[in-house]
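A look at the structure
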Amino acid sequence: MTPKALVIAGRVTRPDVPTLCAELESLLHDPEGRARDPDAGVDCDVGGVVQVDLVLLEAVARLGLVARRAGGRRLRLRNVPPELRNLLDLVGLADVVDVEERCRD
């Protein structure tokens with residue numbers, strides 16, 4: 001199965017969080033609410049974020065919850081900046097989402 005993919009770039013603000021969650025919901029469910037490709041993984045590319053802060057951390061936590069509610073899927077973060085990895089470790093969310101190292105150029 002091809003993983004569902006969500007890309008987060010720029011600076012994430014508090015009003016962006018519900019929009020990101022709705023975007024992930026639409027990737028995971030059809031308009032009738034049925035799961036699309038229930039065996040597919042959920043990837044979230046965060047390589048383009050410009051500010052790692054608690055709002056981004058909230059977004060990741062909520063996106064992880066959306067993924068779990070869609071059939072127990074785990075959110076996989078791709079291209080994770082070291083600052084975000086450290087923050088995820090600090091608050092204990094590194095055990096809730098799968099974290100992949102940032103790709104090197």
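Now for a description of the structure that goes with this document.

Calculation notes
Residues numbered from 1 in each chain as written. Predicted model: local features only at pLDDT ≥ 70, side-chain atom pairs only at ≥ 80, totals over all residues. Heavy atoms only, no water. Buried < 20%, exposed > 50% of the residue type's maximum accessible area, 1.4 Å probe, protein only. Helix = DSSP H or I, 4+ residues; strand = E, 2+ residues; numbered from the N terminus. Arc of directions from axis to C-beta. Core = buried A, V, L, I, M, F, W, Y, C linked by side-chain atoms within 4.5 Å. Contact = heavy atoms within 4.5 Å. Pairing = 2+ DSSP bridges. Right-handed = clockwise from strand over helix to strand, strands pointing away. Expected span 1.5 Å × (residues − 1). Polar contact = N/O pair within 3.5 Å; in protein donor to acceptor, adjacent residues only side chain to side chain. Axes fitted to C-alpha atoms, helices over the stretch in contact; angles between N-to-C directions. Parallel < 35°, antiparallel > 145°, perpendicular 65-115°, else oblique. Left-handed = near helix turned anticlockwise from the far one by under 90°. Nonpolar A, V, L, I, M, F, W, Y, C, P; charged D, E, K, R; others polar.

Re helix α3 (residues 82–91)
Within α3, the full set of buried residues consists of L84, L87 and L88. Along α3, the residues classed as buried sweep out an arc of 100° about the axis, all on the same side. Turned more than 90 degrees away from the buried face of α3 sit N86 and L90, all of them exposed. Phi turns positive one or two residues past the end of α3, at G92, with a value near 85°.

Details of the nonpolar core
I8, V12, C44, V46, L63, L75 and L77 are the most contacted members of the largest nonpolar core, which totals 29 residues. Breaking this core down by element, the ones donating at least two residues are β1 (4–10), α1 (16–28), β2 (42–49), α2 (54–69), β3 (75–80) and α3. Among the elements that take part in this core, α2 stands out by supplying 8 residues, more than any other. Residues contacting V46, with those up to four places away along its chain left out, are I8, L77, R78, N79, V80, P81 and L84.

Examining the pairing of β1
Two elements, β1 and β2, share 6 bridges in a ladder whose sense is parallel. Residue pairing across strands places V7 opposite D45, the latter belonging to β2. Crossover connection from β1 via α1 to parallel β2: handedness right-handed.

Focus: α2
Here α2 spans 22 Å end to end across 16 residues, near enough to the 22 Å set by a 1.5 Å rise per residue. Taken together, the buried positions of α2 are V55, L56, L57, A59, V60, L63, G64, V66 and A67. At its buried positions, α2 is contacted by β1, α1, β2, β3 and α3. Where α2 begins, the capping side chain belongs to D53, and its oxygen is found 3.2 Å from the backbone nitrogen of V55. The positive-phi residue at the C-terminal boundary of α2 is G71, with phi of around 85°.

Comments concerning the pairing of β2
Pairing geometry for β2 and β3, over 4 bridges, is parallel. Along β3, the bridge assignment pairs C44 with L77. Crossover handedness for the path β2 to α2 to β3: right-handed.

Re the packing of α2 against α3
Put simply, α2 and α3 touch, their axes get as near as 11 Å, and they point 70° apart. With respect to α3, the element α2 is oriented roughly perpendicular. When the axes of α2 and α3 are compared, the crossing they make is right-handed. When α2 is examined against α3, the residues L54, L56, L57 and V60 are found in contact with a partner set consisting of L84, L87, L88 and V91. Across the contact of α2 with α3, the residue classes break down as 8 nonpolar, no polar and no charged.

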